[in-house]
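# Observations on chain architecture
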Amino acid sequence: FSEVKDTGNDVSIWPLEIEPRLLKVIPSLPERITELDLAWVRRFWPSTCRLIAKSSEFSLALQALDQCVFLRHAPLALLSLWASLEAIFSGGRDELRYRISAGMASFLEPPGLSRLGLQKEIAKLYDSRSAAAHGRFTEAAEPLIQTYALTRRALTKIIEDDHVPTRAELEAKLFGADVS
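Residues numbered from 1 in each chain as written. Predicted model: local features only at pLDDT ≥ 70, side-chain atom pairs only at ≥ 80, totals over all residues. Heavy atoms only, no water.

## As for the packing of aromatic side chains
To be explicit about the condition: Aromatic pairs are defined between Phe, Tyr and Trp rings, using the six-membered ring for Trp, whenever the two ring centres lie within 6.5 Å; interplanar angles under 30 degrees are classed as stacked, those over 60 as edge-to-face, and all others as tilted. For the purposes of this entry, the term helix denotes a DSSP run of H or I that reaches at least four residues, the term strand denotes a run of E that reaches at least two, and both are numbered from the N terminus. Exposure is judged per residue with a 1.4 Å probe applied to protein chains only, and the accessible area is read against the type maximum: over 50% gives exposed, under 20% gives buried, and values in between give partly exposed.
Inspection of the entire model under this criterion finds 3 aromatic pairs. Note on Trp40 and Phe44: the rings are 4.9 Å apart at their centroids and 45° apart in plane angle, and the pair reads as tilted. Residue Trp40 and its partner Phe44 are both found in helix α1 (residues 35–54); the two are separated by 4 residues, about one turn of the helix. Trp40 sits in the partly exposed class, given a relative accessible area of 31%. Measuring from ring centre to ring centre gives 5.7 Å for Phe89 and Phe107, while their planes differ by 55°; the resulting arrangement is tilted. Placement of Phe89 in helix α3 (residues 74–89) and of Phe107 in helix α4 (residues 96–108) is noted, with a sequence separation of 18 residues between them. Assessed through its relative accessible area of 7%, Phe107 is described here as buried.

## Focus: the confidence of the model for the protein
In regions of low pLDDT, the predicted coordinates are not meant to be interpreted in detail. Our working rule: For every residue, the pLDDT score states the predictor's confidence, bounded by 0 at the bottom and 100 at the top.
Averaged over all residues, the pLDDT of the protein equals 85, while 82% of them reach at least 70. Summarising per-element confidence for the protein, the mean pLDDT is lowest in helix α7 (residues 167–174) (89) and highest in α1 (95).

## Notes on the nonpolar core
Rule in force here: Definition used in this section: a nonpolar core is a set of buried Ala, Val, Leu, Ile, Met, Phe, Trp, Tyr and Cys residues joined via side-chain atoms within 4.5 Å. Throughout, a residue-residue contact means that at least one pair of heavy atoms, one from each residue, lies within 4.5 Å.
Trp82, Phe89, Met104, Tyr148, Leu150 and Ile158 are the most contacted members of the largest nonpolar core, which has 39 residues in total. For this core, the elements supplying multiple residues, two or more each, are α1, α2 (56–67), α3, α4, α5 (113–133) and α6 (141–161). No other element matches α3, which puts 8 residues into this core. Not counting residues within four places of it along the chain, the set of residues in contact with Phe89 comprises Arg99, Ile100, Gly103, Met104, Phe107, Ala154, Pro165 and Leu170.

## With respect to α5
Rule in force here: Expected helix span is computed as 1.5 Å times (number of residues minus one).
For α5, built from 21 residues, the straight-helix expectation of 30 Å at 1.5 Å per residue is met to within 8% by its first-to-last C-alpha distance of 30 Å. Each element contacted by the buried residues of α5 is listed here: α3, α4, α6 and α7. In the stretch just after α5, Gly135 is the one whose phi turns positive, near 70°.

## Observations concerning the layout of surface pockets
Basically, it comes down to this: Using a grid of 1 Å spacing that covers the protein atoms alone, one calls a set of points a cavity when a 1.4 Å probe fits there but cannot get out, and a pocket when the set is open and has protein on both sides within 12 Å along at least five of seven lines; lining residues are those with an atom within 4 Å of a point. Grid points are joined across faces, edges and corners, and a volume is the space filled by probe spheres set on the points. Three classes are used, and their members are as follows: Ala, Val, Leu, Ile, Met, Phe, Trp, Tyr, Cys and Pro are nonpolar, Asp, Glu, Lys and Arg are charged, and the others, Gly among them, are polar.
Computed from the structure, the second largest pocket encloses a volume of approximately 220 Å³. Lining the second largest pocket, in full, are Leu118, Glu121, Ile122, Lys124, Leu125, Ser128, Pro143, Gln146, Ala149, Leu150 and Arg153. Those elements that place two or more of their residues in the lining of the second largest pocket are α5 and α6. Here the lining of the second largest pocket takes 6 residues from α5, the largest share from any one element. Broken down by class, the residue content of the lining of the second largest pocket amounts to 6 nonpolar, 2 polar and 3 charged.

Written as structure tokens, this is what we have:
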């Protein structure tokens, strides 16, 4: 942190203590950060910063994941997460529900029943997003928890792969093609 002021980058640091976490999106999350957690952050911090600088979509998704817990209403947090997922996984304006669910499932799972099952889960979560967006949502807590976990899983994979997938790569992966 002492080096941040000399980097020349526009860096903001927010102490956790000044903002209350209004939404608990990982009910089982421990209150303490482990050495293993810190080692992961240390390992992937530089590549994550490069991804943020290189991809506005990834940057938006990381900010949505980080900031959604400070929103007062679960439907707003849900919309924030889905807006960021759409930026990375949509591939176009037609058939958003299918494109996003299929793209994310093919990114996260190998071909087979696990991919198909995940695609159906994501499509159902996208329905929750649509309901929240159109004011038809009464219970957003569980879809928010599931969407948060899904977003976290996707961003962790992007960080660990050190690569934000392109729309062409997602489409190729969906249909089992090799884009290299």
